[in-house]
Amino acid sequence: MTFKEYLYKSFPAKNSGTPASYHTAVELIDELIHLANLFNLGSQSIFELQDPFLIDNIIEFVVEEEFKFKRKESSAFDLINLMQRKQTSYPGGGFCSAAIKKYGEFIHLKYAQGVANFALSSNISASRISRLIQKQYKINDIGTEKEVRLKRRIGQDIFRAILLEIYSHKCCVTGIDVPDVLRASHIIPWSENKATRLNPENGLCLSATYDAAFDKHLISFDENYQMILSPILKEEFSSDAFKKYFLNFEGKKIELPSNYMPSQKFLEKHREKLII
């Protein structure tokens with residue numbers, strides 16, 4: 001998928017000019033970067049970049065320079081006049097920062113999917129996948145707040161891509177397949193155990209409602225992967241909506257992944273925290 005295709009998928013409304021405007025804004029940024037000789041790109045177009053770390057640096061730069069431009073301070077966007085372009089409305093209206101952030105989203109998604117496909121095709125153990133990715137991207141290394149935040153994002157993007165792939169891009173409870181509402185849910189939270197952060201056996205693909213309930217220990221899954229409800233839920237709620245979206249799923253088995261089954265050892269720890 002190209003960035004342009006990604007934009008039209010993200011903004012599907014008929015007659016929407018947003019995809020074309022965003023693409024033009026990134027072209028403008030590309031010209032500006034090359035004119036100012038920034039980021040050591042040489043002759044490489046911004047549309048050829050694959051490195052999410054570099055893209056995030058470019059995003060930070062564009063946001064800062066656009067802010068200056070909008071305040072009528074000296075900024076890199078002053079070069080637009082030298083480029084003989086009449087698109088000052090792009091940085092002035094916030095289009096450049098919005099567009100480059102969207103491009104960053106696209107690069108992160110594409111990069112994570114590539115790593116996930118490689119990890120899954122390698123046919124190695126879940127724990128080894130976790131160790132390799134953590135080592136490759138120095139996920140657990142100490143650094144600046146920005147570096148730690150970026151490494152965590154990359155790690156979680158890869159984790160999500162792996163989970164969506166093995167769960168066929170569907171919520172394992174409901175089967176819903178709308179990407180924007182699917183979550184890569186950690187069984188043991190990211191903050192609790194570094195070793196399990198990127199282990200696909202420590203994850204479930206859940207839609208947003210069930211992800212929230214799972215995170216708050218209002219639901220869990222038993223030794224047969226059947227949903228368990230917190231007694232608190234059944235004591236306090238009796239609406240039709242509760243019956244439809246929770247009570248109807250109690251005791252039902254989730255759809256299991258194609259490989260890397262969710263670890264019962266991890267689920268046992270989660271069940272111990274179920275609110276009673």
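Here goes a summary of the coordinates provided. In this text the structure is predicted, and so the values were computed from the model without any measurement.

About the criteria used
Residues numbered from 1 in each chain as written. Predicted model: local features only at pLDDT ≥ 70, side-chain atom pairs only at ≥ 80, totals over all residues. Heavy atoms only, no water. Helix = DSSP H or I, 4+ residues; strand = E, 2+ residues; numbered from the N terminus. Buried < 20%, exposed > 50% of the residue type's maximum accessible area, 1.4 Å probe, protein only. Contact = heavy atoms within 4.5 Å. Lys, Arg positive; Asp, Glu negative; His and termini not counted. Charge placed at Lys NZ, Arg CZ, Asp CG, Glu CD. Phe/Tyr/Trp six-rings, centres within 6.5 Å; stacked < 30°, edge-to-face > 60°. Lys NZ or Arg CZ within 6 Å of the ring centre and 35° of its normal. Expected span 1.5 Å × (residues − 1). Arc of directions from axis to C-beta. Pairing = 2+ DSSP bridges.

1. Brief notes about the overall build of the protein
The helix and strand tally for the protein stands at 11 helices and four strands. C-alpha atoms of the protein, sized along the principal axes, occupy 65 × 45 × 30 Å. Each of the 276 residues in the protein was classed as buried or not, and the buried ones make up 43%. Contacts spanning at least 24 positions in sequence make up 65% of the contacts within the protein whose residues lie at least 6 apart. With 36 positive and 34 negative side-chain charges, the protein shows a spacing of 1 Å between the two charge centroids.

2. Here we look at the side chain of Ser97
Along the chain, Ser97 falls in helix 5 (residues 95-121). Under the relative-accessibility criterion, Ser97 is labelled buried at 11%. Those residues in contact with Ser97, other than ones at most four positions away along the chain, are Val62, Val63 and Glu66.

3. Thoughts on the environment of Ile58
Positionally, Ile58 belongs in helix 3 (residues 52-70). Spatially, the C-alpha atoms of Ile58 and Asp177 are 33 Å apart, while their sequence positions differ by 119 residues. If sequence neighbours within four positions are ignored, Ile58 has contacts with Ile33, Phe39, Ile46, Leu49 and Ile100.

4. Quick word on the packing of aromatic side chains
For the structure on display, the rule yields 17 aromatic pairs. A ring pair is formed by Phe3 and Phe106, whose centres lie 5.6 Å apart and whose planes are at 45°; its orientation type is tilted. With Phe3 in helix 1 (residues 3-10) and Phe106 in helix 5, this residue pair connects regions lying 103 residues apart in the sequence. On the basis of relative accessible area, Phe3 is assigned to the buried category, the value being 4%. Residue Phe106 is classed as buried on the basis of its relative accessible area of 6%. Look at Tyr210 and Phe249: their rings are 5.8 Å apart centre to centre, the planes differ by 75°, and that puts the pair in the edge-to-face class. In this pair, Tyr210 is assigned in helix 8 (residues 208-215) and Phe249 in the loop between helix 10 (240-245) and helix 11 (264-271), connecting sequence segments 39 residues apart. Among the residues examined, Tyr210 registers a relative accessible area of 4% and is labelled buried. Residue classification places Phe249 among the buried positions, given a relative accessible area of 19%. Cluster of aromatic residues (ring-pair linked, three or more members): Phe3, Tyr6, Phe47, Tyr103 and Phe106. The ring of Phe249 carries the charged tip of Lys252 above its face, separated from the ring centre by 5.7 Å.

5. Structural notes on helix 2 (residues 18-35)
Compared with an ideal rise of 1.5 Å per residue, which puts 18 residues at 26 Å, helix 2 spans 26 Å between its outermost C-alpha atoms and is within 8% of the ideal. Listed as buried for helix 2 are Pro19, Ser21, Tyr22, His23, Thr24, Ala25, Val26, Leu28, Ile29, Asp30, Leu32 and Ile33. Following helix 2 by one or two positions, Asn37 has its phi on the positive side, about 55°.

6. Details of helix 1
Turning to helix 1, its buried residues are Phe3, Tyr6 and Leu7. End-on, the buried residues of helix 1 take up no more than an arc of 100°, which puts them together on one face. Where helix 1 is buried, its residues touch helix 2 and helix 5.

7. A look at the pairing of strand 2 (residues 203-207)
One face of the sheet, then the other: side chains in a regular strand alternate in exactly this way. Within strand 2, five of the five residues are buried, which leaves the element mostly enclosed by the surrounding structure. Across five bridges, the pairing between strand 1 (residues 182-186) and strand 2 is antiparallel. The residue bridging Arg183 from the neighbouring strand is Leu206, located in strand 2.

8. Re unusual backbone geometry
Glycine aside, residues mostly have negative phi, and peptide bonds are mostly found in the trans state. A positive phi angle, near 65°, is found at Phe39, a position not held by glycine. Considering the arrangement of structural elements, one finds Phe39 in the loop between helix 2 and helix 3. Here Asn123, not a glycine, exhibits a phi torsion of approximately 55°, which is positive. Mapping Asn123 onto the fold places it in the loop between helix 5 and helix 6 (126-136).

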